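Structure assessment
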Amino acid sequence: MTGSSTLAAPSALTLTSVGKSFHGERAVDDISLDLTPGEFLTMLGPSGSGKTTTLNLIAGFLSPDTGSITLDGKDITTIAPHRRGIGVVFQNYALFPHMSALQNVAFSLEMRGVRRKDAQRQAHEALELVQLAHLGKRLPKQLSGGQQQRVALARSFVFKPGLLLMDEPLGALDKRLREDMQLEIMRLGRELGCTIVSVTHDQEEALVMSDRIAIYRGGRIAQLGTAEDLYERPSNLFVADFMGEANRLEGRVDGTTFTGEGWSCRVPSSAPTGAVHLLVRPENTSVVSDGTSSAATGLSGQVIEAIYLGGTRKYVVRLSHGGRFEARTSARSGPDLTVGDAVRVQWKPEHAIVLPAEAS
Amino acid sequence: MPLRHVALGFVSAVVGLFLILPTLYIVPLSFDASSTLGVPSGQWSTRWYAELFTERDWALAASNSLQVASLTTVLATALGTALALGLRAKTRIGVMVNGFALAPMIVPAVIIGVGMYGMLIWWGLGGTLLGLVIAHTVLAIPFVAVAVSSSLSQVDPDYEKAAASLGAPPWKQVTKVVLPLAAPGIAAGALFAFVTSWDEVVVSIFLANTHSRTLPVLMWTQVRTEVTPTLAALGTCLLALSTLALAAMQLLKRNK
């Protein structure tokens, strides 16, 4: 292969106390991030939480009011976007409608003064990487959504940026295509060897693709960590709720004992004390018929919904002291309960997530 | 068909005729042998066309009109497009500039005519084609700016961001991406500019002398002095030209 196929050196990106306000509203508030070269970071959060603003600040489409951004140790805070050399995939792809797919991909090379012939060849190779070399002559409007997405990808990496930004890259695709593209983007990320920052509000997408996830809330990062960290060890209620379903109980912890309304259970010694929320994921919850020998512990209640979901069963239990509890059990090895059964819900102490109660 | 539809069709036809009849009326007049416009004799003649194409005044005026309109189109399209581009960022100064630039649409042409007359004489451009070009450009800029602005507002700002992320400096973002996407608006603006200059009469009367008069000015002078059907012949020619141009535009649109 020729020199054009050499890989990009992945970039290191650092954001230090970056802040940005619009009309007096803090869109991004004191964000600090540190990406190691080659890392795939997803910014996840509800709309308006500041993740896209962060992306625009990194790309240079916005300039921060406070803080600094460095790329490979170089301060780029005030550098114009066209001098940053960062690849960007836009939410609506933003393919130039008056140029063919190949021209779109070759654009960045021509801007860099690459000879026309070489630019066309490299653009063609980039389209080959996304399996679209045969459609290079088509205009964007003659391509399907998934094909446009691939062209947008090829266009963003053809000039070998060390850092690739993606704003809801799969938002406009249907579910099946989205799952294919998730794997495709991961493959490309590995092959190209670039650092990737992606924005999404789809937590499944974040779980599948990322090395680390930054959960955004109100312009701040609520928690930054691996998918496992966030799911198993959320540091606040927002993250716990955002990353999947959880049953929530309120009470107090003294030592290793949680006391709720008229019942208590054991919690790990690492749990915070005082007023807390106790969370249990549905898949960590087991349901047993009341009256069996193992039914001495847990919370009593009554099954109000029993749903067969193929591999699993979902039970919704109304607790005797009020409130509802969801459990997901294996369809094969779990109990076969029906609506109206008196049951107890149980979980292992180490599966309880205990978070200090917050004033919200 | 219900009566309501018949009545609507009838009214529409009458309104349509009312609008188009004065224009069509000049066609039979131009082929009439009578030497006074508006007093038909009923006899067929192509004499007025012969006169139109042989008399030197008309040829000169047509050449003047074409030169002025072409130059005006180029200047007004360039300046109007630049204005529209500059006004995309709605700054306070921009809003003021916008107001001034669009003023010729509202200010009575007579006033502009008087002002231009004085200023062009002061500049030593009185009675010149260049003077006419300057005046017509002032009149045409707002039409271009409005057409291009509406076209630009349809261009997603993400295209510019995309171009920037791909390494295009600001002026290349504009020339390679924004302007090509605003091309329909620019073409429409250019057409407006040409037409504005081509049939401008009020301001031109102030500025033109016998050597620099444009077709509309000559037509107006002829009506004042010798009311011959040559005017009707010219009118018929211009009508044919405009009809052709309009048909061509529709065809272009359909092929798109």
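Thresholds, definitions, all that
- Residues numbered from 1 in each chain as written.
- Chains lettered and ligands numbered in written order.
- Predicted model: local features only at pLDDT ≥ 70, side-chain atom pairs only at ≥ 80, totals over all residues.
- Heavy atoms only, no water.
- pLDDT = per-residue confidence, 0-100.
- Helix = DSSP H or I, 4+ residues; strand = E, 2+ residues; numbered from the N terminus.
- Contact = heavy atoms within 4.5 Å.
- Salt bridge = Lys/Arg side-chain N within 4 Å of Asp/Glu carboxyl O.
- Buried < 20%, exposed > 50% of the residue type's maximum accessible area, 1.4 Å probe, protein only.
- Pairing = 2+ DSSP bridges.
- Polar contact = N/O pair within 3.5 Å; in protein donor to acceptor, adjacent residues only side chain to side chain.

**Considerations on the confidence of the model for chain B**
Taken as a whole, chain B shows an average pLDDT of 89; of its residues, 99% reach a score of 70 or greater. Scored by ipTM, the complex comes to 0.82, with pTM at 0.81.

**Quick notes on the environment of A101 of chain B**
All names here are of chain B. Its location among the elements puts A101 in helix 4 (residues 92-102). In this structure the C-alpha to C-alpha distance between A101 and L139, which are 38 residues apart in sequence, comes to 9.3 Å. Other than its neighbours up to four places away in sequence, A101 contacts L83 and P142.

**A closer look at the pattern of salt bridges**
All names here are of chain A. In this structure the tally under the stated criterion is 21 salt bridges over all chains. Residue R212 is joined to E39 by a salt bridge in which the shortest nitrogen-to-oxygen separation is 2.4 Å. Within this pair, whereas R212 is found in strand 9 (residues 212-217), its partner E39 is found in the loop between strand 2 (25-35) and strand 3 (40-44), the two being separated by 173 residues in sequence. Judged by its relative accessible area of 22%, R212 falls in the partly exposed class. Measuring nitrogen to oxygen at the nearest pair gives 3.3 Å for the salt bridge that ties R150 to E184. Taken together, the residues R150 in helix 4 (residues 145-157) and E184 in helix 5 (residues 175-192) connect sequence positions 34 residues apart. Comparing R150 with E184, the two get one shared label, buried. Look at the salt bridges and you will find they share partners, linking R150, E184, R187 and E191 into a network.

**Focus on the pairing of strand 9 of chain A**
Residues and elements named next belong to chain A. Pairing analysis gives 4 bridges linking strand 3 to strand 9, with the strands arranged parallel. The residue of strand 9 that forms the bridge with L41 is R212. Looking at chain direction, strand 9 and strand 10 (residues 220-225) are connected through 5 bridges and run antiparallel. Opposite I215, over in strand 10, you have Q223 as the bridge partner. Hairpin connection from strand 9 to strand 10: 2 residues lie between these consecutive antiparallel strands, with G218 at a positive phi of about 55°.

**Remarks on unusual backbone geometry**
Residues and elements named next belong to chain A. Within the chain, D30 stands out as a residue other than glycine whose phi angle is a positive 55°. Positionally, D30 belongs in strand 2. You will see that A94, though not glycine, has its phi angle at about 50°, which is positive. Looking at the secondary structure, you find A94 in the loop between strand 6 (87-89) and helix 2 (101-111). Here A94 falls in the buried class, since its relative accessible area comes to 3%.

**Remarks on the side chain of S212 of chain B**
All names here are of chain B. Tracing the backbone through its elements, the reader meets S212 in the loop between helix 10 (202-207) and helix 11 (215-225). On the accessibility criterion, S212 (2% relative accessible area) is buried. In this structure the side chain of S212 is engaged in a polar contact, spanning 2.8 Å, whose partner is the backbone oxygen of G127. Other than its neighbours up to four places away in sequence, S212 contacts N64, G127, T128, L129, L132 and L207.

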